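Now for the letters of each chain:
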Amino acid sequence: MAIPTWRRAGLAAAGLLVFGAVCLVVLDALDRAFPPPLDAHAERSVEVVDRDGNLLRVYAVGDGRWRMAVDPAEVDPAFLDMLIAYQDRRFRSHVGVDPLALLRAAGQFATSGRIVSGGSTISMQLARLIEPREVRSIGAKLRQMARALQIERRLSKDEILALYLALAPYGGNLEGIRAASLAWFGKEPRRLELGEAALLVALPQLPERRRPDRNPAAAESARDRVLARMVSAGLISEREAGRAASARVPTYRRPMPALAAHAADDAIRATPEAQRHQLTLRAGIQQNLEDVAGQAAEKLGPRVSVAILVADAVTGEVLARVGSAGFLDDARAGWIDMTRAVRSPG
């Protein structure tokens, strides 16, 4: 007896449902068995801040890289809008992989014979950062896509963005938006000029080729392409883009904040497990007095040091503490904290 058509269709549908359920169970098991290495680069630079939260001193992580914790809420919103518009405009809606971006990238490759855009989402870029691979291949791209789907299952969009902002490469040993903003512009990324934001969007794609201190022309060209894309996206006007493009890119790396060396080291020795240490100092006073100590010591001679301690007369809180005229000056024994060292009278 022949099986009615409707029954065959029902059996086929039921079979597909069972097959789909089995696939989901297997994929879930594989996901749990081989989770993405989200903690592979968990170490962050230890920070010492003043009483108002201003950065006094920051320490490189174990491998010598500057990798600072980032809260997207403390990053210039215009930069974040620009980053998402340029790199992953459907970031808030996709599940880790953007099929439309991949199709666009494939179409561009087919028509031009070269890679015009990679189609990678921010989640896929994060997957590459936490699990880097030297060889670029279809297999590596598929692995990134799988990892991106896993990452999206575990983290919220803001958590993904925060992790990307902490790990993105910006040339040399700079990782993350905060280290990059401090090194290239000498400030935290809370408020960036339009051209500064555009440069920081462009650098992670080719951080060594676009380093502004080594390849200023390439850095400027990449920045200007970001600005042009933002005009096309309607985020900025042509006039704003032209004004931003007229600014020069930085041609040297600024040193990381390194104030209050003795006080910072003492704080870390007291609580070595802490990631962030807050002191009663004021960064402005500390900077001014370190400059004064250095200038005074130069006048006194090459083997003479100077120490200064400033405290609030009412509360007794220390507002500035200069232990020596130069922490790294061996001739002056700069590593000795003269605000605490026992000295002979006179």
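Residues numbered from 1 in each chain as written. Predicted model: local features only at pLDDT ≥ 70, side-chain atom pairs only at ≥ 80, totals over all residues. Heavy atoms only, no water.

## Let's talk about the packing of aromatic side chains
- Applying the stated criterion across every chain yields a total of zero aromatic pairs.
- We note K157 situated over the ring of F91; from NZ or CZ to the ring centre the distance is 4.8 Å. (Phe/Tyr/Trp six-rings, centres within 6.5 Å; stacked < 30°, edge-to-face > 60°. Lys NZ or Arg CZ within 6 Å of the ring centre and 35° of its normal.)

## Brief notes about the pairing of strand β7 (residues 318–322)
- Taken across its five residues, β7 has four buried, putting it largely inside the fold.
- Here strand β6 (residues 308–311) pairs with β7 via four bridges, running antiparallel. Each bridged residue has a counterpart across the sheet, and for V310 the counterpart in β7 is A320.
- The antiparallel pairing of β6 with β7 creates a hairpin that spans six residues between the two strands, and G316 there sits at a positive phi of about 80°. (Buried < 20%, exposed > 50% of the residue type's maximum accessible area, 1.4 Å probe, protein only. Helix = DSSP H or I, 4+ residues; strand = E, 2+ residues; numbered from the N terminus. Pairing = 2+ DSSP bridges.)

## What to know about the environment of W335
- Note that W335 resides in the segment after β7.
- When the C-alpha positions of W335 and G323 are compared, they lie 8.2 Å apart, and in sequence the two are twelve residues distant.
- The residues contacting W335, other than those within four sequence positions of it, are H262, F327 and D330. (Contact = heavy atoms within 4.5 Å.)

## Re the pattern of salt bridges
- As enumerated under the stated definition, the model contains 22 salt bridges in all.
- The shortest N-O distance in the salt bridge between E47 and R178 comes to 2.8 Å. Residue E47 is found in strand β1 (residues 47–49), and its partner R178 is found in helix α7 (residues 177–185); the two are separated by 131 residues along the sequence. Accessibility assignment for this pair places E47 and R178 in one class, buried. (Salt bridge = Lys/Arg side-chain N within 4 Å of Asp/Glu carboxyl O.)

## Comments concerning helix α2 (residues 77–87)
- For α2, every residue scored as buried is listed here: F79, L80, M82, L83, I84, Y86 and Q87.
- Against the buried residues of α2 lie α4 (122–130), α6 (157–167), α7, α8 (194–202) and α9 (216–232).

## Some words on the packing of α2 against α9
- In the contact formed by α2 and α9, the axes pass within 10 Å of each other and the chain directions differ by 85°. Taken together, the axes of α2 and α9 lie roughly perpendicular to each other. Residues M82, A85 and Y86 of α2 form the contact with α9, whose participating residues are R225, V226, R229 and M230.
- Partitioned by chemical class, the residues of the contact of α2 with α9 number five nonpolar, no polar and two charged. (Axes fitted to C-alpha atoms, helices over the stretch in contact; angles between N-to-C directions. Parallel < 35°, antiparallel > 145°, perpendicular 65-115°, else oblique. Nonpolar A, V, L, I, M, F, W, Y, C, P; charged D, E, K, R; others polar.)

## Some words on the side chain of K157
- With respect to the helices and strands, the residue K157 is situated in helix α6.
- Apart from the residues lying within four places of it in its own chain, the contact partners of K157 are F91, R92, H94 and E152.

## Describing the nonpolar core
- Formed by 56 residues in total, the largest nonpolar core has its most connected members in F79, L165, Y170 and L200.
- Breaking this core down by element, the ones donating at least two residues are β2 (55–58), α2, α4, α6, α7, α8, α9 and α10 (238–245).
- Setting aside residues up to four positions removed in sequence, L165 forms contacts with V70, P72, V75, F79, L80, L83, G176 and I177.
- The next biggest cluster of nonpolar side chains, apart from the first, holds ten residues, and it includes V48, A260, L281 and A283. (Core = buried A, V, L, I, M, F, W, Y, C linked by side-chain atoms within 4.5 Å.)

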